[in-house]
Amino acid sequence: MKPPIRIAVTGATGQIGYSLLYRIAAGDMFGHDQPIILQLHDITEAQSFFKGIIMELDDCAFPLLNQVIATDNLEVAFGDADFALLVGARPRGEKMERKDLLAANGPIFRQQGKTLNSVAKRNIKVLVVGNPANTNAFITLKNAPDLDPRNFSAMLRLDHNRALSQVAQKINVPVSKINKMIVWGNHSNTQFPDLSHATVENQKILELMTQDSDWINDTFIPTVQNRGSAIIAARQGKSSAASAANAIINHMRDWVFGTRENDWVSMGVLSTGCYDIPTGVIYSFPVTCKNGQYQIVEDLKITPSDHQRMQQSYQELLTEQEAIKNLFN
Ligand code: NAX
């Protein structure tokens, strides 16, 4: 049996947590031969919710689950962690603007970055889910200067999966046959779901959809961009939870075990200057993963109008960073 790995999850008593923890414990994220220790964090006011969550984890009798730690102490939650899933965040309140959300969440991720820097494993991999995810990931990374910035990412995988299933339904093929989807940019409605490189059984999807440019611009792109709000409306006020947890599993699994042959996924990672996105933002790019490392897929041909959409999302990230620049040191 392999030695257990330590997986920290923040916001663990929230609704994504409830869909996520049991799947991690079942082995869906790191394999059915990998024992795990869950290090669950939530704020002091939420500690009472841990009781039922842990009782249910016990009642599943997961063979891989060696230990569950539940705490409001970040040092305990992140201590020696191999992976951190930063899900917890202040929810967006009524009449709260994006910049208010940033101001409320920025200090949380600053503290988490500092704590990861001091107590986590040196090769920890960190996924930020709590919104605004890209900028929160950047704050976390900037406050963890001793850790490798390439070990920090933000979650765009839910958007990527949404894009895959919209197209699969449109052209009536299973999702598994579609490769090379991209969602560029910020996890917000400035993101750019880009079909232009996607293939189905090695044929460019755009070649199959020559009559469908209106559908792409007027249905596909806005549906993916606004899917989060559509889910909230359909679930009568509750945001995506099961699909978000599933995307977290997909993101981490691919990062650690590698992406499919002849395919890529969308991950929010530190920009390197490619595609005219200057260094210094967490931006979603197409990446391939191998041996636990991601590689941005470079040199794709980008049309001027797509370039403009990609820049728009970049500009939004700059505006977000401007609002919280005091949190970077
Ligand atoms: P919930 O409101 O159900 O849970 C949030 C959890 O965060 C709660 O347990 C709460 O106690 C905890 N929390 C609050 N303040 C905290 C703090 N200061 N430190 C640590 N934890 C704190 O939200 P849920 O639906 O689970 O969503 C969690 C986050 O994921 C939200 O920020 C949400 O916007 C974001 N999402 C991001 C997605 C992405 O694709 N990147 C998609 C799904 C989701 O909307």
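Here, the structure is the one placed above.
The shown structure was predicted, so the numbers you read here are calculated from the model rather than taken from an experiment.

(A) Region of the structure containing the state of the cysteines. Applying the stated criterion across every chain, the model contains 0 disulfides. Of all cysteine sulfurs, the one in C289 lies closest to C274, which takes part in no disulfide; the gap is 14 Å. Of the residues examined, C274 reaches a relative accessible area of 13% and is grouped as buried.

(B) Here's a closer look at the site of the ligand. Lining the immediate surroundings of the ligand are 23 residues, of which Q15, I16, D42, V129 and N131 lie closest. Backbone polar atom of Q15 to an oxygen atom of the ligand: 2.9 Å apart, as the coordinates give it. The separation between an oxygen atom of the ligand and a polar side-chain atom of H187 is 3.3 Å. Contact with the protein chains removes 83% of the 870 Å² of surface that the ligand exposes when unbound. A class-by-class count of the residues in the shell around the ligand yields 11 nonpolar, 11 polar and 1 charged.

(C) Broad picture of the side chain of T140. Within the fold, T140 resides in helix 5 (residues 133-142). Look at T140 and you get buried, because its relative accessible area is 0%. One polar contact links the side chain of T140 to the main-chain carbonyl oxygen of N136, over a distance of 2.6 Å.

(D) Just the packing of helix 1 (residues 15-26) against helix 2 (residues 50-60), in detail. Orientation of helix 1 relative to helix 2, taken along the N-to-C sense of each, is 30°, at an axis distance of 11 Å. Relative to helix 2, the element helix 1 is oriented roughly parallel. In this structure, helix 1 meets helix 2 at a crossing whose hand is right-handed. Contacts between helix 1 and helix 2 involve Y18, L21, Y22 and A25 on the former and, on the latter, I53, E56, L57 and C60. Of the residues that constitute the contact of helix 1 with helix 2, the class distribution is 7 nonpolar, no polar and 1 charged.

(E) Region of interest: the pattern of salt bridges. Under the definition given, this model contains 9 salt bridges. Of the charged contacts in the structure, one is a salt bridge between D28 and R23, with a shortest N-O distance of 2.9 Å. Given a relative accessible area of 25%, D28 falls into the partly exposed group. With a closest N to O distance of 2.5 Å, K325 and E322 form a salt bridge. When its relative accessible area of 48% is taken as the criterion, K325 is described as partly exposed.

(F) Local environment of the pairing of strand 1 (residues 5-10). When you tally the buried positions in strand 1, you get 5 out of 6 residues, the bulk of the element. As defined by bridge partners, strand 1 adjoins strand 2 (residues 36-41) across 5 bridges and the pair is classed as parallel. Across the sheet, the residue bridging to I5 is I36, located in strand 2. At this point the chain moves from strand 1, through helix 1, to the parallel strand 2, and the crossover so formed is right-handed. Pairing geometry for strand 1 and strand 4 (residues 83-86), over 4 bridges, is parallel. Its bridge partner lying in strand 4, T10 is registered against L86.

Rules used throughout
Residues numbered from 1 in each chain as written. Predicted model: local features only at pLDDT ≥ 70, side-chain atom pairs only at ≥ 80, totals over all residues. Heavy atoms only, no water. Disulfide = S-S within 2.5 Å. Buried < 20%, exposed > 50% of the residue type's maximum accessible area, 1.4 Å probe, protein only. Near = heavy atom within 4 Å. Polar contact = N/O pair within 3.5 Å; in protein donor to acceptor, adjacent residues only side chain to side chain. Areas by Shrake-Rupley, 256 points an atom, 1.4 Å probe, with all protein chains shown as cover. Nonpolar A, V, L, I, M, F, W, Y, C, P; charged D, E, K, R; others polar. Helix = DSSP H or I, 4+ residues; strand = E, 2+ residues; numbered from the N terminus. Axes fitted to C-alpha atoms, helices over the stretch in contact; angles between N-to-C directions. Parallel < 35°, antiparallel > 145°, perpendicular 65-115°, else oblique. Left-handed = near helix turned anticlockwise from the far one by under 90°. Contact = heavy atoms within 4.5 Å. Salt bridge = Lys/Arg side-chain N within 4 Å of Asp/Glu carboxyl O. Pairing = 2+ DSSP bridges. Right-handed = clockwise from strand over helix to strand, strands pointing away.

Structural measurements only, silent on function.
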